[in-house]
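# Coordinate analysis (summary)
What follows is each chain in one-letter form.
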Amino acid sequence: MTQLASADKKKRANTAKPTAMKSLEVEGHEATVGKVFTDNPKMTMRNVNVYYDDKQAIHDVSIDIAKNEVIAMIGPSGCGKSTFLRSLNRMNDTVDICRVEGDILMDGENLYAPKLDVVELRARVGMVFQKPNPFPKSIYENVAYGPKIHGLADTRVDLDEIVENSLRKASLWEEVKERLHQGGTGLSGGQQQRLCIARAIAVSPEVILMDEPCSALDPIATAKIEELIEELSENFTIAIVTHSMQQAARVSHRTAYFHLGKLIEVNPTEQVFTMPEHPLTEAYITGRFG
Ligand SMILES: Nc1ncnc2c1ncn2[C@@H]1O[C@H](COP(=O)(O)OP(=O)(O)O)[C@@H](O)[C@H]1O
Ligand SMILES: [Mg+2]
């Protein structure tokens, strides 16, 4: 364990609430170097293992995600970034052969508690996918659907307001306000992705997970989403998987480097790209594999 991680662990152990104590006992995360833990965690993951049948995709990953931070997850293709991200809002539950072990907490609450309402969880921890996937409905309905099923609006006026605010926060309002009742799939790729972000925002999530949200977009649409991520981090906690190191460098505060299912290093983004602590991170960022 590095000095930083060890100091962090001590600090956290001293300030932790008794209920959170158990989750703070970290075993076997020595493999991860850097600033893995934070003083103000929104999400706390400890000793997470993920399997597809008997094949292990994530090995003993422990990490905190801080409130209002943008954390980037990078690493070679197949290293488990998507698997780890999807375990944070139990999206892996939809994969029959997938099994998640370990502690995954949000504000100290166990997200894998049997009684937890998974539909509600996926509103609190929203997700934006690689390929924009608006519903085959109008722009308005794409955004209004979540607030409707979660009972967030009592009247049509309330609903209109949520739709407008969400589209504004997603920097899409000006482009679509005259055609709210046209199909969402008729928008450009970049607009569709911002519509999906508006849809996620509409149910007031606490955390937004993004899995390579720009990989299907052109550079201009990508720049818009990146700008948006920065604005969103004022109100939300964001974890973004990206295969673009430039993107990680532009949008994130900390960067987590995964390699063959293991979390190798977590450090402030600038450090990861200028002075990585682990030789595997260095090999990746200098393009020796990936
Ligand atoms: N649904 C699935 N069924 C079986 N294996 C899977 C499934 N999804 C991912 N995997 C495997 O888990 C490992 C990690 O994959 P993934 O999380 O998609 O990596 P990344 O997002 O970093 O490219 C890979 O070996 C991949 O083949
Ligand atoms: Mg992936």
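In this report, the structure presented in the accompanying data block is examined. (Residues numbered from 1 in each chain as written. Chains lettered and ligands numbered in written order. Predicted model: local features only at pLDDT ≥ 70, side-chain atom pairs only at ≥ 80, totals over all residues.)

## Here's the deal with the overall build of the chain
Along the backbone of the chain there are twelve helices and eleven strands. For the chain, the residues scored as buried account for 45% of the 290 residues in total. (Helix = DSSP H or I, 4+ residues; strand = E, 2+ residues; numbered from the N terminus. Buried ≥ 20, exposed ≤ 12 C-beta atoms within 10 Å, placed from the backbone.)

## Considering the sheet that holds strand β3 (residues 55–66)
Across the sheet, which stays open at both edges, the four strands sit in the order β3-β2-β5-β6 with antiparallel pairing between neighbours. Either end of the sheet is taken by a strand with one partner, and the two such strands are β3 and β6 (109–110). (Pairing = 2+ DSSP bridges.)

## Let's talk about the nonpolar core
The biggest cluster of nonpolar side chains holds 72 residues, and the ones touching the most others in it are Met-73, Ala-198, Ile-238, Ala-239 and Ile-240. Considering each element in turn, this core owes the most residues, six residues, to helix α8 (residues 189–201). (Core = buried A, V, L, I, M, F, W, Y, C linked by C-beta atoms within 7 Å.)

## Some details on the site of ligand 1
Near ligand 1 the following residues occur: Tyr-52, Ala-57, Gly-75, Ser-77, Gly-78, Cys-79, Gly-80, Lys-81, Ser-82, Thr-83, Val-95 and Ile-97. Top contributing element to the shell around ligand 1 by residue count: helix α3 (residues 81–87), with three residues. Its residues assigned to classes, the shell around ligand 1 comprises five nonpolar, six polar and one charged. (Near = placed C-beta within 6 Å. Nonpolar A, V, L, I, M, F, W, Y, C, P; charged D, E, K, R; others polar.)

## Considerations on the environment of Asp-39
Its place among the elements puts Asp-39 in the loop between β1 (33–34) and β2 (41–52). For Asp-39, a count of 11 C-beta atoms within 10 Å translates into the label exposed. In sequence terms Asp-39 and Ile-65 are 26 residues apart; their C-alpha atoms lie 9.9 Å from each other.

## What to know about the packing of α8 against helix α9 (residues 219–232)
One can describe the packing of α8 onto α9 by two numbers: an axis separation of 9 Å at closest approach and a directional angle of 20°. Compared by their axis directions, α8 and α9 come out roughly parallel. Helix-helix and strand crossings are classified by hand; for α8 and α9 the assignment is right-handed. Between α8 and α9, the contacting residues are Gly-189, Gly-190, Gln-193, Arg-194 and Ile-197 on the first element and Ala-221, Lys-224, Ile-225 and Leu-228 on the second. For the contact of α8 with α9, a count of residues per class yields four nonpolar, three polar and two charged. (Axes fitted to C-alpha atoms, helices over the stretch in contact; angles between N-to-C directions. Parallel < 35°, antiparallel > 145°, perpendicular 65-115°, else oblique. Left-handed = near helix turned anticlockwise from the far one by under 90°. Contact = placed C-beta atoms within 7 Å.)

## Things to note about the sheet that holds strand β8 (residues 207–211)
The seven strands are arranged β1-β11-β10-β4-β9-β8-β7 in an open sheet whose pairing can be described as mixed. Both edges of this open sheet fall to β1 and β7 (125–128), since each of them pairs with a single strand only. Two elements, β8 and strand β9 (residues 237–241), share five bridges in a ladder whose sense is parallel. Paired with Met-210 across the two strands is Ile-240, which belongs to β9.

## Here's the deal with helix α5 (residues 139–149)
For the α-helix, the turn length of 3.6 residues means that residues three or four positions removed from each other point alike. Along α5, the residues that are buried comprise Ile-139, Asn-142, Val-143, Ala-144, Gly-146 and Pro-147. As for α5, its buried residues are in contact with α4 (118–124), α6 (156–169), α7 (173–176) and α8. Once α5 ends, the next one or two residues include Gly-151, with phi positive near 60°.

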